Amino acid sequence: MGRPLGQHFLRPAAVERLLRAILPRPDEDFLEIGPGAGALTLPLAGRARRVVAVELDARLADDLERRAPANVRIHRGDALAVDLAGLLPAGGRVVGNLPYYVSSPLLRRLLDLHGRARDLHVMVQDEVARRVASPPGSKEYGILSVLYALWADVTIPLRFGPGSFRPPPRVSSAVLRVRFLPHPRAEVEDPAGFERLLQAAFARRRRTLENNLREAAPGLARRLPELGIDGARRAETLSVVEFARLAAAEGGA
Ligand code: SAM
C-alpha cells in the first residue's frame, strides 16, 4: 500500500548523499517541496541562507515549525496549487523528496519555474526520473522529456534503493538534477499549443507520427514531408528542435 500523502522519510545517510549532490552554499535560497519531519530541511538550513518549505500535512508543518531555525519558513499548502514562483527569490534553488503519488504533475509544475529557479534536485521514482531524463529514441522518452529538454539540462546523479527511506517505498528512487538554461533550446511562440501538439504526437506510442497527428492536426500531418520530417517515424524519435519546427508550422498554418 502507498503511504498517505506519499510519506516516506529519508534516512540520515541518504540525506548526506543528497546534500553532496545539491552542494548548498551559504548565500543561496531554497524552496523545498514536502519537508515532512525536516530530514533535509534542517541540515539544508544549516548550510544555506534561507529555506521556504511547502508542506500539505498540517501536523508535520506545525511540528517542524516548532523545531526549525529562524531562516526556515514553513508554508502550509498543496505544492500543486500554491504560487511556487512567489515563494522563491529569483535565482533560488528547488529541492525535495517528492510525494510520489503526485510526482508527475509536480514535475510539470516545477518546470514552470524556468526563468526563476536556477536548478532543481528532486527525488522521484526511478521510472519517473528516466521518463524526464531520457533522450529521443528511448522508450521512456515522452512529453515530460521533451518539455524538460526545451528548458534545461537534465541528469540523474543519484539512485536510492527502498532501504534509504522509512518506511521503504515499493519502488526504487532517483534524484533528478535539472539545470535551467538561459534560453530555451528552441523557439516556442505558443507554449500551450506546443503541449497540445506533444499530447497529440504521443497519444498512441505505437502509432506513427503521421497517424497520431491525423486526428488532432490533419493539416500538419499532410505537411510533414515538406517540413522534412518522415511521418513514418514515431514521436519518441523526434528531438525538441523538431517538435518546435512542427509547432511553428502548425501555428503558421
Ligand atoms: N522531505 C521529507 C523527507 O525526505 O524525509 C519528507 C518526504 S515525503 C516523500 C513527501 C512529503 O510531502 C511529506 O511530508 C508529505 O506530507 C508532503 N506532501 C504530500 N503531498 C503534498 C503536496 N501536495 N504538497 C506539499 N507537500 C505534500
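Visitor: What is the right way to look at the packing of aromatic side chains in this model?
Guide: For any pair of aromatic rings, geometry is given as the distance between the ring centres together with the angle between the planes. Inspection of every chain in the model, using the stated rule, returns two aromatic pairs. Between the aromatic rings of phenylalanine 202 and phenylalanine 243, the centroid separation amounts to 5.7 Å while the plane-to-plane angle is 40°, which identifies the pairing as tilted. Placement of phenylalanine 202 in the loop between helix 8 (191-201) and helix 9 (209-216) and of phenylalanine 243 in helix 11 (residues 240-252) is noted, with a sequence separation of 41 residues between them. On the basis of relative accessible area, phenylalanine 243 is assigned to the buried category, the value being 0%. Through a chain of ring-to-ring contacts, three or more aromatic side chains come together here, namely Tyr141, Phe202 and Phe243. The cationic tip of arginine 17 hangs over the ring face of phenylalanine 160; the distance from NZ or CZ to the ring centre is 4.4 Å.

Visitor: Looking at this model, I keep getting lost on the side chain of histidine 121. Mind explaining?
Guide: Its location among the elements puts histidine 121 in strand 6 (residues 119-125). If sequence neighbours within four positions are ignored, histidine 121 has contacts with Ala21, Ile22, Arg93, Val94, Val95, Gly96, Val175, Leu176 and Arg177.

Visitor: Mind showing me how you'd approach the pattern of salt bridges here?
Guide: Once their charged atoms are close, side chains differing in charge can pair, the charge on each being opposite to the other. In this structure the tally under the stated criterion is 24 salt bridges. Two residues, arginine 108 and glutamate 195, come together in a salt bridge whose shortest N-O distance is 2.5 Å. Taken as a pair, arginine 108 in helix 5 (residues 103-111) and glutamate 195 in helix 8 lie far apart in primary sequence, 87 residues in all. By sharing partners, the salt bridges in this structure join Asp126, Arg130, Lys139, Glu140 and Arg159 into a single network.

Visitor: Could you clarify how one ought to interpret the pairing of strand 2 (residues 29-33) in this entry?
Guide: Both faces of the sheet carry side chains from a regular strand, because those side chains alternate between them. Most of strand 2 sits out of view: five of its five residues are buried. Residues Asp29, Leu31 and Ile33 of strand 2 are buried on one face, and the alternating residues Phe30 and Glu32, pointing to the opposite face, are buried as well. Direction of pairing for strand 2 relative to strand 3 (residues 50-55): parallel, over a ladder of five bridges. Looking at the pairing, aspartate 29 lines up with arginine 50 of strand 3.

Visitor: In this structure, what is going on with the pairing of strand 4 (residues 72-76)? I would like to understand it.
Guide: Where strand 3 meets strand 4, five bridges bridge the pair, whose relative direction is parallel. Counterpart to glutamate 55 in the pairing with strand 4 is arginine 76. Handedness of the strand 3-helix 3 (residues 58-67)-strand 4 crossover: right-handed.

Visitor: Is there a simple way to explain the packing of helix 5 against helix 6 (residues 126-133) in this structure?
Guide: When two helices pack together, their arrangement is captured by the angle between the axes and the distance separating the axes. Where helix 5 meets helix 6, the axes come as close as 11 Å, and the angle between the chain directions of the two elements is 35°. By crossing handedness, the relation of helix 5 to helix 6 is classed as right-handed. Across from Ser103, Ser104 and Leu107 in helix 5, the residues of helix 6 making contact are Val128, Arg131 and Val132. A breakdown of the residues in the contact of helix 5 with helix 6 according to their chemical character gives three nonpolar, two polar and one charged.

Visitor: Would you take a moment to explain the domain arrangement of the protein for this structure?
Guide: How big an interface is tends to be expressed through the accessible area that disappears when the partners come together. According to the domain assignment, the protein contains domain 1 (4-180) and domain 2 (191-252). When each unit is reduced to the centre of its C-alpha atoms, the spacing between domain 1 and domain 2 is 32 Å. With 13 residues of domain 1 at the contact, the number on the domain 2 side is 13 residues. Interface area for domain 1 against domain 2, summed over the two sides, is near 980 Å², with a carbon-plus-sulfur share of 68%. Ranking the residues of domain 1 by area buried against domain 2 places Tyr141, Ile143 and Val146 at the top, with a combined share of 48%. Where domain 1 packs against domain 2, one counts one salt bridge. Here domain 1 is connected to domain 2 by five residue pairs in polar contact (both at pLDDT 80 or more). The leading source of residues in the side of domain 1 that touches domain 2 is helix 7 (residues 143-151), at five residues. In the side of domain 1 that touches domain 2, the residues fall into seven nonpolar, three polar and three charged.

Rules used throughout
- Residues numbered from 1 in each chain as written.
- Predicted model: local features only at pLDDT ≥ 70, side-chain atom pairs only at ≥ 80, totals over all residues.
- Heavy atoms only, no water.
- Phe/Tyr/Trp six-rings, centres within 6.5 Å; stacked < 30°, edge-to-face > 60°.
- Helix = DSSP H or I, 4+ residues; strand = E, 2+ residues; numbered from the N terminus.
- Buried < 20%, exposed > 50% of the residue type's maximum accessible area, 1.4 Å probe, protein only.
- Lys NZ or Arg CZ within 6 Å of the ring centre and 35° of its normal.
- Contact = heavy atoms within 4.5 Å.
- Salt bridge = Lys/Arg side-chain N within 4 Å of Asp/Glu carboxyl O.
- Pairing = 2+ DSSP bridges.
- Right-handed = clockwise from strand over helix to strand, strands pointing away.
- Axes fitted to C-alpha atoms, helices over the stretch in contact; angles between N-to-C directions.
- Left-handed = near helix turned anticlockwise from the far one by under 90°.
- Nonpolar A, V, L, I, M, F, W, Y, C, P; charged D, E, K, R; others polar.
- Domains from an automatic or database assignment.
- Buried area = accessible area lost by both parts, 1.4 Å probe.
- Polar contact = N/O pair within 3.5 Å; in protein donor to acceptor, adjacent residues only side chain to side chain.

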